[in-house]
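The residues making up each chain are set out below.
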Amino acid sequence: MMRLAEASAATGAALAVRGVWKRFGATQVLENLSLDVAGGEFVSLLGPSGCGKTTLLRLIAGLAHADGGAIVVGGREVTRLPAHRRNIGVVFQNYALFPHLNVFGNVAFGLHAQGIRDDVKARVMQALALVRMGDFAERPTGALSGGQQQRVAVARAIAVRPSLLLLDEPFSALDRKLRETMQVELKQLLRQLGITAIFVTHDQEEALVMSDRVAVMNAGRIEQLDTPQALYAHPASLYVVDFIGQSARLSGTVRGTDGDWMVVDTALGTLRAARRFVPGSRVVATIRPEAIHLGAAPAGANAFTAAVAEMMFLGARTVLHCVVEGAADDDRLMVELARLPDPAPHAGAPVTLWFRPEDVAVFPHP
Amino acid sequence: MTAAAATLSLPAPAWRRGDMTAMLALPAMGYMLVVFAVPLALLLWSSMRGEAGFSLAGYARILGDDYYRQVIWNSLSLGLITTAGCAILGYPAAFAIARARGYWQVVLFALVFLPLTVSIIVKTFGWAIMLRRDGLVNFALLGLGLADRPQRMLFTPESLYAGMINVFLPFMILPCYSVVRMLDPRLTEAAATLGASAWHAFSRVTFPLSLPGLVAGIGIVFSLSCAAYVTPSLLIGERYMTMSQVMAKAYLNLRDWQLGSAMAAILLAVAVLVVLATSWLQRRLARRGGSSS
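Read on for an overview of the structure. (Residues numbered from 1 in each chain as written. Chains lettered and ligands numbered in written order. Predicted model: local features only at pLDDT ≥ 70, side-chain atom pairs only at ≥ 80, totals over all residues. Heavy atoms only, no water.)

1. So, the packing of helix α4 (residues 120-130) of chain A against helix α5 (residues 146-159) of chain A
Residue and element names in this part refer to chain A.
Then step 1. Direction vectors running N to C along α4 and α5 enclose 135 degrees, while the axes themselves pass 9 Å from each other. In terms of their interaxial angle, α4 and α5 are classed as oblique. Here α4 and α5 pass one another in a crossing that is right-handed. Together, Arg 123, Ala 127, Leu 128 and Leu 130 of α4 and Ala 155, Ile 158 and Ala 159 of α5 make up the contact between the two elements.
Then step 2. Partitioned by chemical class, the residues of the contact of α4 with α5 number 6 nonpolar, no polar and 1 charged. (Axes fitted to C-alpha atoms, helices over the stretch in contact; angles between N-to-C directions. Helix = DSSP H or I, 4+ residues; strand = E, 2+ residues; numbered from the N terminus. Parallel < 35°, antiparallel > 145°, perpendicular 65-115°, else oblique. Left-handed = near helix turned anticlockwise from the far one by under 90°. Contact = heavy atoms within 4.5 Å. Nonpolar A, V, L, I, M, F, W, Y, C, P; charged D, E, K, R; others polar.)

2. Description of unusual backbone geometry
Residues and elements named next belong to chain A.
Then step 1. One non-glycine residue, Tyr 95, lies in positive phi territory at about 75 degrees.
Then step 2. Turning to its location among the elements, Tyr 95 is positioned in the loop between β6 (88-91) and α3 (103-113).
Then step 3. Positive phi outside glycine occurs at Ala 96, with the angle close to 50 degrees.
Then step 4. Along the chain, Ala 96 falls in the loop between β6 and α3.

3. Observations concerning the sheet that holds strand β10 (residues 221-226) of chain A
Residue and element names in this part refer to chain A.
Then step 1. In spatial order, the strands read β6-β7-β8-β3-β9-β10; together these 6 strands make up an open sheet with mixed pairing. A single partner strand is all that each edge strand has here, and the edge strands are β6 and β10. Averaged over all pairs of adjacent strands, the angle between strand axes in this sheet comes to 20 degrees, irrespective of strand direction.
Then step 2. Of the strands in this sheet, β6 and β7 (164-168) are in contact with α5, which crosses β6 at around 175 degrees. (Pairing = 2+ DSSP bridges.)

4. Brief notes about the interface of chain B and chain A
Then step 1. Contacts between the two partners involve 23 residues from chain B and, on the opposite side, 28 residues from chain A.
Then step 2. Both sides of the chain B and chain A interface together cover about 2,200 Å² of buried area, and 63% of this is carbon and sulfur.
Then step 3. There are 1 salt bridge connecting chain B and chain A.
Then step 4. Residue A:Arg58 is joined to B:Glu189 by a salt bridge in which the shortest nitrogen-to-oxygen separation is 2.7 Å.
Then step 5. The tally of links between chain B and chain A comes to 5 residue pairs in polar contact (both at pLDDT 80 or more).
Then step 6. For the side of chain B that touches chain A, the elements supplying multiple residues, two or more each, are α9 (185-193) and α10 (198-226) of chain B.
Then step 7. Sort the elements by how many residues they give to the side of chain B that touches chain A and α9(B) lands first, with 7 residues.
Then step 8. Broken down by class, the residue content of the side of chain B that touches chain A amounts to 9 nonpolar, 9 polar and 5 charged. (Buried area = accessible area lost by both parts, 1.4 Å probe. Salt bridge = Lys/Arg side-chain N within 4 Å of Asp/Glu carboxyl O. Polar contact = N/O pair within 3.5 Å; in protein donor to acceptor, adjacent residues only side chain to side chain.)

5. Observations regarding the packing of aromatic side chains
Then step 1. The full count for this structure, using the stated rule, is 17 aromatic pairs over all chains.
Then step 2. With a centroid separation of 6.0 Å and an interplanar angle of 35 degrees, the aromatic rings of B:Trp199 and B:Phe202 are classed as tilted. Of this pair, B:Trp199 and B:Phe202 both sit in helix α10, 3 residues apart, which is roughly one turn of the helix.
Then step 3. A relative accessible area of 61% places B:Trp199 in the exposed class.
Then step 4. An aromatic cluster is built from B:Tyr91, B:Phe95, B:Trp199, B:Phe202 and B:Phe207, whose rings are joined through pairwise contacts.
Then step 5. Over the ring of A:Phe98 we find A:Arg156; its NZ or CZ atom is 4.7 Å from the centre of that ring. (Phe/Tyr/Trp six-rings, centres within 6.5 Å; stacked < 30°, edge-to-face > 60°. Buried < 20%, exposed > 50% of the residue type's maximum accessible area, 1.4 Å probe, protein only. Lys NZ or Arg CZ within 6 Å of the ring centre and 35° of its normal.)

6. Here we look at the pattern of salt bridges
Residues and elements named next belong to chain A.
Then step 1. In total, this model carries 21 salt bridges over all chains according to the counting rule given.
Then step 2. The shortest N-O distance in the salt bridge between Arg 179 and Asp 203 comes to 3.6 Å. One end of the pair, Arg 179, is in helix α6 (residues 176-193); the other, Asp 203, is in the loop between β8 (197-201) and α7 (204-210), and 24 residues separate them in sequence.

7. Details of helix α6 (residues 120-131) of chain B
All names here are of chain B.
Then step 1. For α6, with 12 residues, the first-to-last C-alpha span of 16 Å sits near the 16 Å given by 1.5 Å per residue.
Then step 2. Restricting attention to buried positions, one finds in α6 the residues Lys 123, Thr 124, Trp 127, Ala 128 and Leu 131. Seen along its axis, α6 keeps its buried residues to an arc of 145 degrees; they face one direction.
Then step 3. Two or three places before Ile 121, at the opening of α6, Ser 119 has a side-chain oxygen 3.1 Å from that residue's backbone nitrogen. (Expected span 1.5 Å × (residues − 1). Arc of directions from axis to C-beta.)

Everything listed here is a matter of coordinates, which is why it stays silent on function.
See below:
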């Protein structure tokens, strides 16, 4: 344990989770999970409900205790420390503001709890100013809007200068427009203060917008931990493909190789992709809608003749649903175009679709 | 159109707007008028009537007499001790029930509720049997060698306090439980993540937020135990006269209606004070969070 603490202190990791296990009754919630977060980094835990992301957050905060493994915060092992001795701030999903205290009392609570007597007023007002709630210090928390309550919760958590800030779906109770404003605001604030943050969400867009890195979680494990760009461009598994963005999925069998490519038989016909599997493998090929193009295919591209079934204009982009010639009607390819060709295709019109072999991501058939 | 809208928007009395919801209280209010308000008025009237018309002699007899002042103090101190005992035992029990899971919550609830279904007289006789000279407690004390002769326990103030707490404990647990049950456990967690020890979190978050339940329980138990009649008369009787016992004696034995009704009016005044004090406290507690800390 000592060696571990020293190691993480040497690498400057703000948080190191090492092989953590957690079980509730017969259910394995977290399975040998490890995670490193650098100082000042913003990392999201992204996954569906029940994937263990909130449990991991509670273990880090000390609100629950791991059955095995170690948690090191800023070089200090905290695995067995109670929550109140960890100095880790938490913004709860429902904010958990103290209803019997006003805004000032809520923000001052942590300072009082830690026995801080000097400059309490100045520190509280400073924290409130950071979230632009300075004028609300004397207000009862019950009279605040959702966005204001969220700001107070953030001010309360950062007023004690935590070594780590944990956020448990803090935007889920806000409407869409306010959520987007608050996301930008929070991201700027945390960068300005240099606070390391772990953010739990089930909303992939939110995770991509906010994070330096995203950990995609599935059934108690981290499927992939990477930057938003890398997650989107190089998903490590079919699960990550499904969770981040949209993709067409084509089941098929590897028939053989063609130079650097392998040839896959699918319901749409044969297509070529980067060589990864031996002939005969059952695979799933995935293509992002924006990787599919309309018009004359360049040499070496996967090309299909198709008919436009639906055309949906979405402002900045247009989505086409196309039925490939010779394929079943419900086996559609979704195509996303930033700019419509001139003349625009109309429903039922025959079009040529093409995508480059390197834009096809192929995974073993589950 | 605008003029019509302006006219319509004028606030009309509730009954004009056809809002008759308040009328739903009429049957209950009529019933209470007949069985409560009228007898109460008669009682107050008879407490202020002497041989020659209006007189406060009844009150003067009670407040000017050491014996009756002692009786009032007996009732009040019995109420205070019972309330304190119920609060000390009931407040933690309310947490245990609220935080218990599944089967255990059912068991704990049964332990609180079952005594309520047993009549006070039956329970009090049970106490009397247990505490008497040849009762279970003396049997145990003698058997364990903790006493060399039977202790007198029945008809002592201590046995009265024990019996009163037993009878009124559920009335403390239930209001506390109903408030504690609604406390968001995340508030305690939030306090912990802010650096608050378990004690700090309890004293600054949980306890203040559970106060409305405790205040309600104190109000209920104090009013009920001040006015208790059956338990004191069975467990201690004439050795510890309370206001209720004096009232009963005045009406049933002495036929002194002036004394009985004046004592009843004083007891009523105590109850009204308790109700006013608790509702004032409850409103103050509800307004918290608005003032600066």
